[in-house]
Amino acid sequence: MYTTLTLPEVIKTEKNIPSKYLKRGVELEIFVPDNLLGNEQLNLLLLNDGQDTEELELQHTLAVLYGQNKIEPLVVVAIKASKDRLQEYGVAGVPDFQDRGSKAQAYTDFIIKELIPFIQTTVEFPINGKRAFGGFSLGGLTAFDIAWNNDNYFDAVGVFSGSFWWRKKDLKDGYTDSDRILHQRIIDTEVKPELKFWLMTGTEDELADRNKNFIIDSIDDTIDVIKELLKKGYKRPDDIAYYEMVGGKHELMTWAKAMSPFLIWAFGKKNLF
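Okay, so let's go over this structure. Here the structure is a predicted model, which means the values were calculated and not measured.

## Describing the overall build of the protein
Assigned secondary structure in the protein consists of seven helices and eight strands. For a compact globule of 273 residues, the expected C-alpha radius of gyration is about 19 Å, and the protein comes in at 18 Å, within 12% of that figure. For the protein, the C-alpha atoms occupy an extent of roughly 60 × 50 × 35 Å along the three principal directions. Restricting the contact set of the protein to residue pairs at least 6 apart, pairs at least 24 apart contribute 71%. Accessible area for the protein stands at about 13,100 Å²; split by element, carbon and sulfur atoms hold 50% of it. Side-chain charges of the protein comprise 33 positive and 42 negative groups, with the mean position of each set lying 3 Å from the other.

And the structure:
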């Protein structure tokens, strides 16, 4: 007879914390492995778009990876986006051509000045391991920007189908690649942040191909981020992992499938940093 494998339990709790920077309450889902002894190295993952954890099958994925002994214990804090997502996400201090991202600095301040202290005082055991920030689409761009500018708080960033197209000029207004906001931020940064990067795209993320090179823009823009990182002195594969999913789409189902590779890269028991 076959027996069903009993997975370790992952405890989910929900919190709502007030933010003076965002001028609203921020809803969180916090995932912690059950039966922590308190002497483990405990890691941290912040995750944008935390309202999507159920469709991402996050709790189940964590349980499976713990059951397979593939990842170290970690606290996952999933931050739910508000109706103001297009203003709170983006590159801090540099709105795009439609003035989206105008509150990205306030969101950064919330993460660094409010959320992290809240986590440190709320989680029962001290977080003394690796710290990563992840996100999807525009949430991935935001995670990258916050980690890039605050590497004293983060060790790694994970971006799923990142909105690296984010630009200060519309395509119809004479756009060039130099109008991409995140790429320019990397170029303009003088001191190389101490970070590692996991960047994912799907081969069916979109259909757009603005430069007609038969490569979709999401892949082009991500590869160009990698090129700028290499110019800064980062190395592959030590500092940069690129994961291109054949058939992957700009959707939660694809990102759910990519979650295990990311978690193993960031918090695996046999590698990484």
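Now that the structure has been shown, the text picks up again.
## Notes on helix H7 (residues 252-267)
The first and last C-alpha atoms of H7 sit 21 Å apart over 16 residues, in line with the 22 Å expected at 1.5 Å per residue. Along H7, the sharpest change in direction is near 35° and occurs at Ala258; proline Pro261 comes one to four residues later. Among the residues of H7, those classed as buried are Leu252, Thr254, Trp255, Ala256, Ala258, Met259, Phe262, Leu263, Trp265, Ala266 and Phe267.

## So, the sheet that holds strand E2 (residues 24-33)
With mixed pairing, the eight strands of this open sheet are ordered in space as E1-E2-E4-E3-E5-E6-E7-E8. Taken across any chain shown, the strands that pair with only one partner, and hence form the sheet edges, are strand E1 (10-19) and strand E8 (240-249). Put simply, the sheet's adjacent strands are angled 20° from each other on average, direction ignored. Along the sheet, helix H1 (residues 58-67) contacts E1, E2, strand E3 (43-47) and strand E4 (74-79); its crossing angle with E1, the most-contacted strand, is approximately 135°.

## Quick word on the pattern of salt bridges
In this structure the tally under the stated criterion is 22 salt bridges. Salt bridges sharing partners connect three or more residues here, namely Asp177, Arg180, Arg210, Asp217, Asp221, Asp224 and Lys227.

## Quick notes on the packing of aromatic side chains
Under the definition given, this model contains 17 aromatic pairs. Taken together, a centroid distance of 5.3 Å and an interplanar angle of 25° make the contact between Phe144 and Phe197 stacked. You can see Phe144 sitting in helix H4 (residues 138-149) and its partner Phe197 sitting in strand E7 (residues 196-204), a full 53 residues away along the chain. Judged by centre distance (5.6 Å) and plane angle (75°), the ring pair of Phe160 and Phe262 falls under edge-to-face. With Phe160 in strand E6 (residues 156-160) and Phe262 in helix H7, this pair connects stretches of sequence that are 102 residues apart. What makes Phe160 buried here is its relative accessible area of 0%. In this structure Phe262 comes out as buried when scored by relative accessible area, which is 0%. Taken together, the ring pairs connect Phe136, Phe160, Trp198, Tyr243, Trp255, Phe262 and Trp265 into an aromatic cluster. The side chain of Arg100 reaches across the aromatic face of Phe97, ending 5.5 Å from its centre.

## Thoughts on helix H3 (residues 104-122)
Over its 19 residues, H3 extends 25 Å from the first C-alpha to the last, a length consistent with the 27 Å expected when each residue adds 1.5 Å. Of all the bends in H3, the largest measures some 35° and sits at Ile111.

## Section: the packing of H1 against H7
Contact geometry of H1 with H7 gives a least axis separation of 10 Å together with a crossing angle of 50°. Between H1 and H7, the angle is such that the two are oblique. Taken as a pair, H1 and H7 cross one another with a handedness that is right-handed. Of the residues in H7, those in contact with Leu58, Thr61, Leu62 and Leu65 of H1 are Met259, Ser260, Leu263 and Ile264. Tallied by class, residues from the contact of H1 with H7 come to six nonpolar, two polar and no charged.

## Description of the pairing of E6
Burial runs high along E6: five of the five residues are buried. By the alternation rule, side chains of E6 split into Ala156, Gly158 and Phe160 and Val157 and Val159, which are all buried. Here five bridges tie strand E5 (residues 131-136) to E6, and the two strands are oriented parallel to one another. Bridge pairing in E6 places Ala132 opposite Ala156. Bridge count between E6 and E7: five bridges; the pairing is parallel. In the strand pairing of E7, Gly158 is matched with Trp198. Since E6 and E7 lie parallel, the crossover through helix H5 (residues 181-188) that links them has a hand, and here it is right-handed.

## Observations regarding the environment of Phe197
Residue classification places Phe197 among the buried residues on the basis of a relative accessible area of 0%. A C-alpha to C-alpha distance of 9.5 Å links Phe197 and Tyr234, two positions 37 residues apart in sequence. Apart from residues lying up to four places away in sequence, Phe197 is in contact with Phe144, Trp148, Val157, Leu229, Tyr234, Asp239, Ile240, Ala241 and Trp265.

Scoring rules and cut-offs
- Residues numbered from 1 in each chain as written.
- Predicted model: local features only at pLDDT ≥ 70, side-chain atom pairs only at ≥ 80, totals over all residues.
- Heavy atoms only, no water.
- Helix = DSSP H or I, 4+ residues; strand = E, 2+ residues; numbered from the N terminus.
- Rg over C-alpha atoms; globule rule 2.2 N^0.38 Å.
- Contact = heavy atoms within 4.5 Å.
- Areas by Shrake-Rupley, 256 points an atom, 1.4 Å probe, with all protein chains shown as cover.
- Lys, Arg positive; Asp, Glu negative; His and termini not counted.
- Charge placed at Lys NZ, Arg CZ, Asp CG, Glu CD.
- Expected span 1.5 Å × (residues − 1).
- Bend = angle between axes of the 7 residues up to and from the residue.
- Buried < 20%, exposed > 50% of the residue type's maximum accessible area, 1.4 Å probe, protein only.
- Pairing = 2+ DSSP bridges.
- Axes fitted to C-alpha atoms, helices over the stretch in contact; angles between N-to-C directions.
- Salt bridge = Lys/Arg side-chain N within 4 Å of Asp/Glu carboxyl O.
- Phe/Tyr/Trp six-rings, centres within 6.5 Å; stacked < 30°, edge-to-face > 60°.
- Lys NZ or Arg CZ within 6 Å of the ring centre and 35° of its normal.
- Parallel < 35°, antiparallel > 145°, perpendicular 65-115°, else oblique.
- Left-handed = near helix turned anticlockwise from the far one by under 90°.
- Nonpolar A, V, L, I, M, F, W, Y, C, P; charged D, E, K, R; others polar.
- Right-handed = clockwise from strand over helix to strand, strands pointing away.

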